[in-house]
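Survey of secondary and tertiary structure
Listed below are the residues making up each chain.
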Amino acid sequence: DKGSDRQQIHPDLPFRSKSPLYVIFLALQDVTKEMGPTTFLLGTQTLEERTKFDDYNQKDEQLANANARLALLKKGDAVLFDARTLHCGNANNAESGSTRAMFNFSFRNPEEIGSLGYCGSMRPGYVGQMTLGDVATALNDYKDGGSENPFEKLGCGNGLINS
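How each quantity is defined
Residues numbered from 1 in each chain as written. Predicted model: local features only at pLDDT ≥ 70, side-chain atom pairs only at ≥ 80, totals over all residues. Heavy atoms only, no water. Patch = residues over 30% accessible without salt bridge, like charges linked within 9 Å, V, L, I, M, F, W, Y side chains within 5 Å. Areas by Shrake-Rupley, 256 points an atom, 1.4 Å probe, with all protein chains shown as cover. Salt bridge = Lys/Arg side-chain N within 4 Å of Asp/Glu carboxyl O. Helix = DSSP H or I, 4+ residues; strand = E, 2+ residues; numbered from the N terminus. Buried < 20%, exposed > 50% of the residue type's maximum accessible area, 1.4 Å probe, protein only. Pairing = 2+ DSSP bridges. Axes fitted to C-alpha atoms, helices over the stretch in contact; angles between N-to-C directions. Arc of directions from axis to C-beta. Contact = heavy atoms within 4.5 Å. Polar contact = N/O pair within 3.5 Å; in protein donor to acceptor, adjacent residues only side chain to side chain.

Things to note about a nonpolar patch on the surface
- The grouping of Tyr22, Leu80 and Phe107 at the surface amounts to a nonpolar patch, some 330 Å² of accessible area in total.
- Relative to the elements of secondary structure, Phe107 occurs in strand E6 (residues 102-108).
- For Phe107, a relative accessible area of 47% translates into the label partly exposed.

Pasting the structure below:
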């Protein structure tokens with residue numbers, strides 16, 4: 001949101017030897033620098049890089065020398081990343097920024113069993129209430145200017161229709 005602070009650099013998951021989860025950010029609008037786009041530190045999903053990140057004696061040098069990419073996206077662009085990758089949302093400019101509208105979804109590695117240490121980001125009221133086809137229809141409606149809130153008929157996801 002407008003005026004939001006920069007996030008701390010972080011991975012979404014505790015380290016695992018195999019990628020347990022891949023995440024996709026799909027831009028529902030152009031994402032500008034003023035909106036606080038996500039910065040990704042490429043190659044940081046490895047054990048070697050996670051060990052550096054977790055060691056205060058190595059972390060500053062790692063971050064200073066990181067191969068960073070700023071996700072400046074156009075509406076419809078997508079970023080696919082390993083959830084172990086270090087990243088952060090940047091500060092959203094208080095005067096010229098605005099809310100970023102992103103559709104976030106993930107794919108779990110079927111070889112991973114049990115808890116990943118990540119609860120996900122789907123609101124409980126949405127679970128089991130829509131199919132991928134429903135999402136596609138809602139997003140197409142949004143793209144065609146049919147609705148400012150493509151998921152309005154589902155409510156806010158906490159069981160309340162108008163909150």
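And the narrative resumes.
Some thoughts on the sheet that holds strand E2 (residues 38-41)
- Taken in spatial order, the 3 strands make up an open sheet running E3-E2-E5, and their pairing is antiparallel. Sheet topology places strand E3 (68-70) and strand E5 (87-89) at the edges, where each strand pairs with a single neighbour. Between one strand axis and the next, the sheet turns through 15 degrees on average, direction left out of account.
- In this structure, E2 lies alongside E3, joined through 3 bridges in antiparallel fashion. Looking at the pairing, Thr39 lines up with Leu70 of E3.

Quick look at helix H1 (residues 47-54)
- Among the residues of H1, those classed as buried are Glu49, Arg50 and Phe53. Take H1 and look down its axis: the buried residues cluster within an arc of 100 degrees, on one side only. More than 90 degrees from the buried face of H1, the exposed residues found are Leu47 and Glu48.
- Where H1 is buried, its residues meet helix H2 (56-64).

Some words on the side chain of Asn92
- Locating Asn92 in the fold gives a position in the loop between E5 and E6.
- In terms of polar contacts, Asn92 uses its side chain to reach the backbone carbonyl oxygen of Met35, at 3.0 Å.
- Setting aside residues no more than four positions away along its own chain, Asn92 makes contact with Asp1, Lys2, Gly3, Ser4, Glu34, Met35, Gly36, Gly97, Ser98 and Thr99.

A short note on the pattern of salt bridges
- Enumeration according to the criterion identifies 5 salt bridges in this entry.
- Of the charged contacts in the structure, one is a salt bridge between Arg16 and Glu112, with a shortest N-O distance of 2.2 Å. In this pair, Arg16 is assigned in the segment before strand E1 (21-27) and Glu112 in the loop between E6 and helix H3 (132-143), connecting sequence segments 96 residues apart.
- Looking at Arg16, the relative accessible area reads 23%, which means it is partly exposed.
- The shortest N-O distance in the salt bridge between Arg84 and Asp82 comes to 2.6 Å.
- Residues joined by salt bridges that share partners form a network here, namely Glu48, Glu49 and Lys52.

Thoughts on the sheet that holds E1
- With antiparallel pairing, 3 strands are arranged side by side in an open sheet as E4-E1-E6. Each edge of the open sheet carries a strand with a single partner, namely strand E4 (78-82) and E6. Taken over all neighbouring pairs, the strand axes of this sheet differ in orientation by 20 degrees on average, direction set aside.
- One ladder, built from 5 bridges, connects E1 with E4; its direction is antiparallel. The residue bridging Tyr22 from the neighbouring strand is Asp82, located in E4.

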